[in-house]
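# Structure assessment
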Amino acid sequence: MDWFNLETLWFGLIAVLFIGYFVLEGFDFGVGVLTRWLSRDDTDRRVMINTIGPVWDGNEVWVITAGGAMFAAFPLWYAIVFSSFYLPLFLILLGLIVRGVAFEFRGKRSDTRWRWWWDQAIFWGSLLPAVLWGVAFANIVRGIPIGEDFLFEGNLLDLLHPYALFGGLATLLLFTLHGAMYLALKTEDGGYVQQRAHALALRLGFVVATGVIVFLGWTYLNAVSLGDTGVVPGIIPVSAMLAAVAAPLLIREKLHGWAFVATTATVALVTLTLFLNLYPRLLVSSIDPSFDITIQNAKASDLTLTIMSWAALVFVPIVLAYQSWSYWVFRHRVSRASVEAPTETPMQVLERRRAIADQRRSGTDAEGS
Amino acid sequence: MPASFGVGPSRGVQELAVEALEFARIQFGSTTIYHFFFVPLSIGLAPLVAVFHTQYVRTGQERYRRLAKFWGKIFLIIFAMGVVTGIVQEFQFGMNWSDYSWFVGDIFGAPLALEGLLAFFLESTFLGLWIFGWDRLPPKLHAATMWLVVLGTHVSAYFILAANSWMQHPVGYTIDAETGQARLDDFLAVLSNPYLVGQFSHTILASWTTGAFLVLGISAYYLFRQREVEVFTSSARVAVTIAVLSSIGVAFVGHDQAQHLTEAQPMKLAAAEALWDTEEGAALSLFAVGDVDAGRNVIDIGLPQGLSILATNELDGEVQGLNDLQEAYEEEMGEGDYLPPVAVTYWSFRIMVGAGMLMIALSLFGLVSSVRGRIADTTSTLNRWWLWSLPFAIALPFLANTAGWILTEMGRQPWVVYGVLRTADGVSPSVSTWEVVLTLGGFTTIYLVLLAVTIGLIKKQILTGPPEEADEEVDEEHRTIAPLGAY
C-alpha cells in the first residue's frame with residue numbers, strides 16, 4: 001500500500017464527487033434540454049420538469065461539495081482552475097442561476113409569455129453547463145498554458161481548441177441521452193413524452209456511442225503525445241465504450257431501465273477515465289510538465305486532509321442514504337393527470353382527501369398510483 | 001515548485017492592475033450583499049414554517065395548515081434565490097481571489113466543504129421532500145423534513161461564519177516557511193474561534209429578527225385591512241415573540257462583540273467610532289464629520305465616557321485611536337495605510353444600531369399589544385399606526401444586516417485576513433480587468449432582473465393570501481408542487 005496516501009485518497013474522493021455530479025445532474029441537464037423537443041404543450045413540459053423537481057437541487061450540491069473539497073484538499077488546484085477557466089465558469093454560473101430559479105418561478109404565473117421566458121432559462125441554463133463542463137474537463141486533461149508560478153498565461157481562445165469543443169459536444173449529447181432515458185423511466189408508460197424520449201434515444205444512441213469512442217480515443221492519443229497516460233487501466237475506457245454501445249441496443253429492446261444503467265455507467269466511466277488519465281496530476285500545463293499542478297504540489301496539510309477524511313467517512317454514507325431514500329419516495333412516474341388542474345369539484349376533492357386519510361389510518365399503502 | 005512559488009503576500013502589489021482589484025472588490029461586495037438578502041430570510045423563515053406545520057400536525061387546525069403553506073411558498077421563492085446566488089459565492093473565491101484562495105485554502109476550504117457535505121445536502125434533499133411531500137409522506141415525517149431544513153440552514157451558517165471569523169481573527173494556524181501559505185495546526189481552535197461565538201449568535205439572532213419582521217410586516221398588512229384576522233393574528237403573535245427575543249438578543253451579543261473587537265480588531269472599533277486619538281474615558285460618538293487627511297473630526301457630538309463604558313465596562317477605560325494604531329502598525333509592519341474607510345465604517349455602524357433600536361421598539365410595542373390581546377385591534381389609534389408601519393419596517397432588518405456586513409468587511413480593510421494578508425495581495429493575478437468588469441456587469445444585470453421578479457412574486461403571493469382548502473386544488477400555483485402521481 002505504498003501508493004496510498006491522503007492526497008491520493010482525496011484525489012479519489014473528488015473524482016467520486018464529480019462522478020456523482022455528472023451522473024445525477026447529467027440527467028437533470030438532459031431533461032432541461034429536452035423540454036424544448038419532447039413536449040407538445042405546457043403540461044408536457046411541466047411533467048418533464050416535475051420528474052426532476054424534488055431532486056435537482058440535491059444533485060447540484062454534488063458540485064458545490066466537489067468545489068469545496070477542491071478548495072480544502074488542493075488549494076492551489078482550486079485557485080488556478082477557477083481563475084483560469086474564468087469565463088466558462090461565469091457562463092456556467094449564469095446557466096445554473098437562471099435554471100435554478102426557473103424551476104421555482106415558472107409555475108407562479110400562467111401567462112404564456114412568462115412561461116416562455118422561464119422555458120428559455122431552463123433550456124439554455126441546462127445546455128450551457130452541459131457543454132461547458134465537458135469543455136473544462138477536456139482542457140484540464142489536455143493541458144492549458146500554465147506558466148511560471150502556476151499562472152495561467154492563455155486566454156479564452158486557448159480553451160476553445162477542437163478537442164475541448166468536441167468534449168463539450170460529447171458531454172452535451174451524452175447528458176441528453178441520459179436525460180431521455182430518465183424521462184422514459186419517470187414519465188407515464190406509453191405516454192407522449194415517453195414515446196418521444198424513446199424515439200429520440202433510438203436516433204441519438206449510436207451518435208452518442210460514436211462520440212464517446214472518438215472522445216476517449218482522442219484523449220488517449222493526446223496522452224500518448226504528451227508522454228503521460230496517467231494510470232488508466234485499459235479496462236475502464238473500454239468498458240465506457242461498451243456501455244455507450246450497449247445503451248442504444250437496450251433502447252431498441254425497450255429495456256429502458258437497463259438502458260439508463262448503461263448511460264449511467266457511460267457517464268461514470270468516462271469521468272473516471274479522465275481522472276485516472278490525470279493522476280497524479282490535477283491540471284496539465286501545456287507549456288512545461290514542470291508547471292503541472294499535481295496532488296503533491298497542491299495538497300493541503302496532512303491535518304486538514306485527515307480531518308476531512310473523517311468527515312467524509314462519517315457523512316458521505318449518511319448523505320447517500322437520505323438522498324437514495326428521497327429517490328425512493330419519488331420513485332413513481334409523473335403523469336399528465338397528476339400535474340393538470342383537476343376537474344373535480346371541491347366536494348369531490350374533500351371526499352378523496354378523506355378516503356386517503358382513512359386508508360392511511362388503516363395502515364394500507366395510500367399512494368395507490 | 002512550491003518553493004519557487006511566489007503567490008501570496010511576498011509577491012506584493014506591484015504586478016496587479018489596480019482596476020481589476022477594485023472591480024473584484026465591488027463584485028464581491030455587491031454579490032455578497034445581494035446573497036445576504038436571502039440567507040437571513042431562509043434562516044429566519046424556515047423555523048416559522050416548521051412551527052406552523054408542526055402545529056397543524058399536532059392540532060389539525062386549518063389555520064395552521066394555511067399558514068404553513070402561505071409562508072412556505074414565500075420561503076421557497078427566497079430559498080431558491082439564496083441557493084443560486086450562493087453558488088456564485090463559492091466559485092468567486094477561486095475566480096477573482098485565487099491568491100487569497102491559495103493562501104488560506106488549508107484552513108478556509110474545510111468549512112466550505114463541510115458546509116456542502118453537512119448542510120447543503122441536508123437542506124436541498126429535505127426541502128425537495130417537503131415541497132413535493134404533502135400527499136406522499138406521513139404527516140409527522142413530512143413536518144420533520146422541514147425541521148431538517150431548519151437544521152441545515154443553521155449548520156450552514158455555522159460553517160461559513162467559521163470561515164469568515166478566521167478572516168476576522170485568524171487562529172489555529174502557522175505560516176508555512178517553505179511556501180508562505182497559512183497552514184492549519186488546530187482545527188478545534190478554528191471552530192471555537194472566540195470571534196465566531198459572537199458572530200454566529202449575532203447572525204442567527206439577526207436572521208430570526210429578519211424572518212420575524214417579514215412575517216410581522218405581512219401579517220400587519222392583513223390585520224390593518226381586517227382581512228383573514230384569525231389566521232394572521234396567529235402568525236403575528238408568534239412573530240412578535242420571536243422579534244422581541246431576537247432583536248434584543250442581537251443587541252446584547254453585538255455589545256459583546258464590540259468588546260471583543262477592542263482586543264481583536266482595535267482599528268475597526270476606532271473607525272466605527274471615528275476615534276482618532278487614544279483616549280481614556282472616550283466619548284460615544286453620536287454624530288461626526290471627519291477629516292481623514294488631517295486625522296481628526298471637524299464636528300463631533302458624543303456622550304461623554306460612553307465608548308469607554310461600552311468597550312471596556314470602565315468609565316475611564318482606554319480606547320485606542322486611529323492615529324495611534326496607524327503609528328503602531330507602521331512600526332510593526334512597515335509603512336502603509338492601515339486605516340479602513342473611516343466614514344463608511346462609522347456610518348454603517350450607526351445605521352445598523354439605529355435600525356436595530358427601531359426594531360426593538362416596534363417589537364416591544366407589539367409584545368404589549370399581544371399580551372393585552374389587542375394585536376389585531378384597529379380601533380386604537382396607536383395600534384393602528386403600529387400595524388400601518390410594520391410593512392415598511394420589513395426594510396429595517398435588511399438595512400441593519402447590510403450595514404452590519406459592510407462594517408465587518410470594510411472595517412477590516414486593508415486586510416482580507418486581519419493582520420496577515422492584505423486584500424490587494426489576494427486578487428487573481430491572471431484575470432484581466434475587462435474580465436472582471438464583464439462578469440460584474442453580467443451578475444449585476446441578472447441580479448437586478450431577478451430582484452424585480454422575486455419582489456413581484458412575493459407581492460403576488462401576499463395579495464393572493466393563504467390558500468383555502470378547496471381552491472387550492474385548482475390553484476395553478478399548486479401544480480408546481482403537486483404531489484405527483486399520488487392519486
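A few points on the structure. (Residues numbered from 1 in each chain as written. Chains lettered and ligands numbered in written order. Predicted model: local features only at pLDDT ≥ 70, side-chain atom pairs only at ≥ 80, totals over all residues. Heavy atoms only, no water.)

### A word on the overall build of chain A
- Tallying secondary structure elements over chain A gives 14 helices and two strands in all.
- The C-alpha atoms of chain A give a radius of gyration of 22 Å, which matches the 21 Å a tight globule of 369 residues would have.
- Reported as C-alpha extents along the three principal axes, the dimensions of chain A are approximately 75 × 45 × 40 Å.
- Taken across its 369 residues, chain A has 60% of its residues classed as buried. (Helix = DSSP H or I, 4+ residues; strand = E, 2+ residues; numbered from the N terminus. Rg over C-alpha atoms; globule rule 2.2 N^0.38 Å. Buried < 20%, exposed > 50% of the residue type's maximum accessible area, 1.4 Å probe, protein only.)

### Side note on the overall build of chain B
- For chain B, the count of helices and strands is 16 helices and eight strands.
- Rg of the C-alpha trace for chain B: 24 Å, near the compact-globule value of 23 Å for 487 residues, within the 12% margin.
- Expressed as lengths along the three principal axes of its C-alpha atoms, the size of chain B is roughly 75 × 55 × 40 Å.
- A buried classification covers 62% of the 487 residues belonging to chain B.
- Within chain B, residue pairs in contact and separated by at least 24 positions form 78% of the contacts whose partners lie at least 6 positions apart.
- Just so you have it, chain B exposes about 18000 Å², and 65% of that area is on carbon and sulfur atoms.
- Distance from the positive charge centre (25 side chains) to the negative charge centre (47 side chains) of chain B: 18 Å. (Contact = heavy atoms within 4.5 Å. Areas by Shrake-Rupley, 256 points an atom, 1.4 Å probe, with all protein chains shown as cover. Lys, Arg positive; Asp, Glu negative; His and termini not counted. Charge placed at Lys NZ, Arg CZ, Asp CG, Glu CD.)

### Here's the deal with helix 6 (residues 112-142) of chain A
- Here helix 6 of chain A contains 31 residues, and its C-alpha end-to-end distance of 45 Å stays within 8% of the 45 Å for a straight helix at 1.5 Å per residue.
- Most of helix 6 of chain A is tucked away: 23 of the 31 residues are buried. (Expected span 1.5 Å × (residues − 1).)

### A few points about the interface of chain B and chain A
- Counting residues at the interface gives 91 residues for chain B and 90 residues for chain A.
- Both faces considered, chain B and chain A share a buried interface measuring about 8000 Å² in area, 71% of it formed by carbon and sulfur atoms.
- Linking chain B to chain A there are zero salt bridges.
- The tally of links from chain B across to chain A stands at 13 residue pairs in polar contact (both at pLDDT 80 or more).
- Looking at the side of chain B that touches chain A, the elements that each hand over two or more residues are helix 2 (62-96), helix 3 (98-132), strand 2 (182-184), helix 14 (433-464), helix 15 (469-472) and helix 16 (476-480) of chain B.
- For the side of chain B that touches chain A, the leading source of residues is helix 3 of chain B, giving 24 residues.
- The residue inventory of the side of chain B that touches chain A, partitioned by class, reads 52 nonpolar, 22 polar and 17 charged. (Buried area = accessible area lost by both parts, 1.4 Å probe. Salt bridge = Lys/Arg side-chain N within 4 Å of Asp/Glu carboxyl O. Polar contact = N/O pair within 3.5 Å; in protein donor to acceptor, adjacent residues only side chain to side chain. Nonpolar A, V, L, I, M, F, W, Y, C, P; charged D, E, K, R; others polar.)

### A few points about the pairing of strand 5 (residues 296-303) of chain B
- Across seven bridges, the pairing between strand 4 (residues 284-291) of chain B and strand 5 of chain B is antiparallel. The partner of Asp291 of chain B across the bridge, within strand 5 of chain B, is Arg296 of chain B. (Pairing = 2+ DSSP bridges.)

### Some details on a nonpolar patch on the surface
Residue and element names in this part refer to chain B.
- A contiguous nonpolar surface patch, about 860 Å² in accessible area, is contributed by Leu286, Phe287, Val289, Val298, Ile299, Ile301, Leu303, Trp347, Ile351 and Leu399.
- Only strand 4, strand 5 and helix 11 (342-371) provide two or more residues apiece to the nonpolar patch.
- Counting residues per element, the nonpolar patch draws most heavily on strand 5, at four residues. (Patch = residues over 30% accessible without salt bridge, like charges linked within 9 Å, V, L, I, M, F, W, Y side chains within 5 Å.)

### A closer look at the environment of Pro289 of chain A
Residues and elements named next belong to chain A.
- Within the secondary structure layout, Pro289 lies in the loop between strand 1 (281-283) and strand 2 (293-294).
- Here Pro289 falls in the exposed class, since its relative accessible area comes to 63%.
- Sequence separation between Pro289 and Gly147 is 142 residues; the distance between their C-alpha atoms is 9.8 Å.

### Some thoughts on the side chain of Ser348 of chain B
Residue and element names in this part refer to chain B.
- Relative to the elements of secondary structure, Ser348 occurs in helix 11.
- In this structure Ser348 comes out as buried when scored by relative accessible area, which is 6%.
- Separated by 3.1 Å, the side chain of Ser348 and the backbone oxygen of Thr345 make a polar contact.
- Dropping the residues within four chain positions of it, Ser348 is found in contact with Ala403, Ile406 and Leu407.

### A word on empty space enclosed by the protein
- Counting across every chain of the model gives ten cavities of 30 Å³ or more.
- Of the pockets and cavities examined, the largest cavity occupies roughly 260 Å³.
- Taken together, 22 residues make up the lining of the largest cavity; nearest its centre are Gly53, Trp56, Phe103 and Glu104 of chain A together with Ile131 of chain B.
- The element contributing the most residues to the lining of the largest cavity is helix 3 of chain B, with five residues. (1 Å grid on protein atoms, 1.4 Å probe; cavity = no way out; pocket = protein on both sides within 12 Å on 5 of 7 lines; lining within 4 Å. Points joined across faces, edges and corners; volume = space filled by probe spheres on them.)

### A look at the packing of aromatic side chains
- Using the criterion set out here, one finds 66 aromatic pairs over all chains in the structure.
- Seen from their ring centres, Phe29 of chain A and Phe175 of chain A are 6.2 Å apart, and the 40 degrees between their planes marks the pair as tilted. A residue pair is termed long-range when its members are at least 10 positions apart, and Phe29 of chain A in helix 1 (residues 6-34) and Phe175 of chain A in helix 7 (residues 162-186) qualify at 146 residues. Judged on exposure class, the residue Phe29 of chain A and its partner Phe175 of chain A are both buried.
- Centre to centre, the rings of Tyr346 of chain B and Trp347 of chain B are 5.0 Å apart; their planes meet at 85 degrees, and the pair counts as edge-to-face.
- By relative accessible area, Tyr346 of chain B is classed as buried at 2%. (Phe/Tyr/Trp six-rings, centres within 6.5 Å; stacked < 30°, edge-to-face > 60°.)

### A closer look at the pattern of salt bridges
All names here are of chain A.
- The tally for this structure, following the rule as stated, stands at 19 salt bridges over all chains.
- Of the charged contacts in the structure, one is a salt bridge between Arg115 and Asp42, with a shortest N-O distance of 2.6 Å. With Arg115 in helix 6 and Asp42 in helix 2 (residues 42-52), this pair connects stretches of sequence that are 73 residues apart.
- With a shortest N-O distance of 2.8 Å, Asp119 and Arg45 are connected by a salt bridge. Separated by 74 residues along the polypeptide, Asp119 in helix 6 and Arg45 in helix 2 bring together distant segments of the chain.

### What to know about helix 9 (residues 235-252) of chain A
Residue and element names in this part refer to chain A.
- Between the first and last C-alpha of helix 9 there are 26 Å, a value that for 18 residues agrees with the 26 Å anticipated at 1.5 Å per step.
- Those residues of helix 9 that sit buried are Ile236, Pro237, Ala240, Ala243, Ala244, Ala247, Pro248 and Ile251.
- Tucked inside the fold, the buried residues of helix 9 contact helix 7, helix 8 (192-226) and helix 10 (256-278).
- Once helix 9 ends, the next one or two residues include Lys254, with phi positive near 60 degrees.

### Considerations on the packing of helix 1 of chain A against helix 3 (residues 56-73) of chain A
All names here are of chain A.
- At a closest axis distance of 8 Å, the pairing of helix 1 and helix 3 adopts a crossing angle of 155 degrees. With respect to helix 3, the element helix 1 is oriented roughly antiparallel. Helix 1 and helix 3 meet at a crossing whose hand is left-handed. For the pair formed by helix 1 and helix 3, the contact residues are Trp10, Ile14, Val16, Leu17, Phe18, Gly20, Tyr21, Leu24, Glu25, Phe27 and Asp28 on the first element and Trp56, Asn59, Glu60, Trp62, Val63, Thr65, Ala66, Ala69, Met70 and Ala73 on the second.
- Residues of the contact of helix 1 with helix 3, tallied by class, amount to 15 nonpolar, three polar and three charged. (Axes fitted to C-alpha atoms, helices over the stretch in contact; angles between N-to-C directions. Parallel < 35°, antiparallel > 145°, perpendicular 65-115°, else oblique. Left-handed = near helix turned anticlockwise from the far one by under 90°.)

Remember, this is a structural readout, not a statement about activity or role.
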